[in-house]
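Letter by letter, the chains look like this.
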Amino acid sequence: MNKNPITKVALFEDQKIRKIWHEDKWWFSVVDVCAVLTNSIDAGAYWRKLKQRLNEEGSEVVTFCHGLKLEAIDGKKYITDCANTEGILRIIQSIPSPKAEPFKLWLARVGHERIQEIEDPELATKRTRELYKAKGYPDAWIEKRMRGIEVRATLTDTWKEHGVKEAKEYEILTAEISKAAFDMTPSEYKKYKGLKRENLRDHMNDLELIFSMLGEAATTEITNVEHPLGFDANKKVSKRGGNVAKEARVKLENETGKKIVSKENYLQDRITQQKIGKHS
């Protein structure tokens, strides 16, 4: 299993489908697929009943499912039934829905895009930029966000080289940096901003992004100099890296009299400001 899996949310007809890159394939949340195809009020109950029926019929479809950790609406990760493209196609055959055919085409496109990105990583970067642009983010913010993604990737690669393997360990180390830098863990930060399933950094303003990058870049630099080995040693270094960002943050706050950490939901506030500007 991937120790540091790629998790994302894909959109089919504006409906969210959680997916995770596992064993060199995309795996999709079966419950989310059921919700899209059936418009069921309780997609979880629909899937439980369908799974029971398939088991009773001796169908092999359920064997295509793996329990993988996906983020739920409360921001926490839970074991969720997931299936790869082949498994989802088998499940679709058991769900009468007029959306079945367009959904099959969507599945094929999503899988093809990932293969392209593996062969040419620049495509993934380009698509991410285009996605942020389509959502209404300005170019200057996008540049900082993309740089932050690179800094984060460098840090996780560095952790991997220094004995950090489990996904949960990555989460804890990230929380150590955030707690030191901002006096809040990522989950506390999301709650402070009123976020649920949204990506925290997609709703940070420029300075929040900059200090997030500083904490992670400082952690990478200290790690490369001292070479801590294993989770416990890297945890101490992560806190020190976060403290570098905290000292810089506090100094700027003292100079300006303004707090860096904000309840501002960056994209929503920007859209609201643009609407006000159009009607003023």
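Let us look at the structure shown here. (Residues numbered from 1 in each chain as written. Predicted model: local features only at pLDDT ≥ 70, side-chain atom pairs only at ≥ 80, totals over all residues. Heavy atoms only, no water.)

### Focus on the pattern of salt bridges
To keep it simple, the criterion reads: Salt-bridge detection follows one rule: a side-chain nitrogen of Lys or Arg within 4 Å of a carboxyl oxygen of Asp or Glu. Every helix listed is a DSSP run of H or I at least four residues long, and every strand listed is a run of E at least two residues long, numbered separately from the N terminus. In this scheme, a residue with accessible area under 20% of its type's maximum is buried, one over 50% is exposed, and one in between is partly exposed, where area comes from a 1.4 Å probe on protein chains only.
One pass over the full model with this rule turns up 20 salt bridges. As a salt-bridge pair, E150 and R147 come within 2.9 Å of each other at their nearest N and O atoms. Of this pair, E150 and R147 both sit in helix α6 (residues 139-161), three residues apart, which is roughly one turn of that helix. Across the pair E253 and R249 runs a salt bridge whose closest N-O atoms are separated by 3.2 Å. Taken as a pair, E253 and R249 lie in helix α10 (residues 231-256) at a separation of four residues, close to a single helical turn. For the pair E253 and R249, one class covers both residues: buried. Several salt bridges converge on common partners, so that one network encompasses D183, K246, R249 and E253.

### Comments concerning the packing of α6 against helix α7 (residues 167-182)
Basically, it comes down to this: Note on definitions: angles span 0 to 180 degrees between N-to-C directions of axes, and those axes are lines fitted to C-alpha atoms, for helices only across the stretch in contact. When an angle is under 35 degrees it counts as roughly parallel; over 145 it counts as roughly antiparallel; between 65 and 115 it counts as roughly perpendicular; any other value is oblique. In this scheme, a crossing is called left-handed if the near helix is turned counterclockwise away from the far one by less than a right angle; it is called right-handed if the turn is clockwise. Here a residue-residue contact requires only that any non-hydrogen atoms of the pair lie within 4.5 Å. The nonpolar class holds Ala, Val, Leu, Ile, Met, Phe, Trp, Tyr, Cys and Pro. Asp, Glu, Lys and Arg form the charged class, and all remaining residues, Gly among them, are polar.
One can describe the packing of α6 onto α7 by two numbers: an axis separation of 12 Å at closest approach and a directional angle of 125°. If you check the angle between α6 and α7, you find them oblique. Along this stretch, α6 crosses α7, giving a crossing that reads as right-handed. Here α6 contributes R152, L155, T156, W159 and K160 to the contact with α7, which in turn contributes Y170, L173, T174 and I177. Of the residues assigned to the contact of α6 with α7, the class counts are five nonpolar, two polar and two charged.

### A word on the pairing of strand β4 (residues 65-71)
Quick reminder of the rule: Two strands pair if DSSP finds at least two bridges between them.
As paired elements, β4 and strand β5 (residues 77-84) share seven bridges and run antiparallel to each other. Within β5, the residue paired with K69 across the bridge is I79. The turn linking β4 back onto β5 is made up of five residues, and G75 within it adopts a positive phi angle of 90°.

### Notes on the packing of aromatic side chains
What counts here: Centres within 6.5 Å make a pair out of two Phe, Tyr or Trp rings, where for Trp the six-membered ring is used; the pair is then stacked when the planes are under 30 degrees apart, edge-to-face when over 60, and tilted otherwise. Two conditions define a charge located above a ring, namely a distance within 6 Å from the ring centre to NZ of Lys or CZ of Arg, and an angle within 35 degrees of the ring normal.
All chains considered together, the criterion is met by seven aromatic pairs. Seen in terms of ring centroids, F12 and F103 are 5.0 Å apart; in terms of plane orientation they differ by 75°. Their pairing is edge-to-face. With F12 in strand β1 (residues 6-12) and F103 in helix α4 (residues 100-119), this pair connects stretches of sequence that are 91 residues apart. Aromatic side chains W159 and Y170 sit 5.9 Å apart centroid to centroid with 70° between the ring planes, which places their arrangement in the edge-to-face category. Linking W159 in helix α6 with Y170 in helix α7, this pair joins segments that are 11 residues apart in sequence. For the pair shown, W159 and Y170 are each scored as buried. Of the aromatic side chains, those joined through ring pairs into one cluster are Y132, Y137 and W141. Of note, K19 hangs over the ring of W26, and the distance from its end group to the ring centre comes to 4.1 Å.

### A look at the packing of α6 against helix α9 (residues 206-226)
Viewed as axis vectors pointing N to C, α6 and α9 meet at an angle of 25°, and their least axial separation amounts to 9 Å. Relative to α9, the element α6 is oriented roughly parallel. Between α6 and α9 the crossing geometry is left-handed. Here W141, K144, R145, R147, G148, V151, R152, T154, L155, T158 and W159 of α6 lie close against α9, whose contacting residues are D206, L209, I210, M213, E216, A217, T219, T220, T223 and N224. Residue classes in the contact of α6 with α9 are distributed as eight nonpolar, seven polar and six charged.

### Here we look at the state of the cysteines
Heads up, the condition is: Whenever a pair of cysteine sulfur atoms sits within 2.5 Å, that pair is classed as a disulfide.
Scanning all chains against the criterion turns up zero disulfides. Lacking any disulfide linkage, C82 is separated from the closest cysteine sulfur, that of C65, by 8.3 Å.

### Points about α9
Just so we agree on the cut-off: What a helix should span is 1.5 Å times the count of its residues minus one. Think of a polar contact as two N or O atoms within 3.5 Å of one another; within protein, one of them needs to be a possible hydrogen donor and the other a possible acceptor, and neighboring residues in sequence only count if both atoms come from side chains.
Taking 1.5 Å per residue as the helical rise, α9 with its 21 residues ought to reach 30 Å, and the 30 Å between its terminal C-alpha atoms agrees with that figure. Among all positions in α9, only E208, L209, F211, S212, M213, G215, E216, A218, T219, T220, I222 and T223 are buried. At its buried positions, α9 is contacted by α6, α7, α8 (186-193) and α10. The backbone nitrogen of L207 has a side-chain oxygen 3.2 Å away, supplied by the residue at the start of α9, namely N205. Looking at the residues trailing α9, positive phi occurs at H227, about 55°.

### Some words on α8
For clarity, the cut-off: Here the arc refers to the directions that run from the helix axis out to each C-beta atom.
Taken together, the buried positions of α8 are Y189, K190 and K193. One face of α8 carries all of its buried residues, which in axial projection span an arc of 100°. In α8, the exposed residues that point more than 90 degrees away from the buried face are S187 and K191. A positive phi of about 75° marks G194, the residue just after α8.

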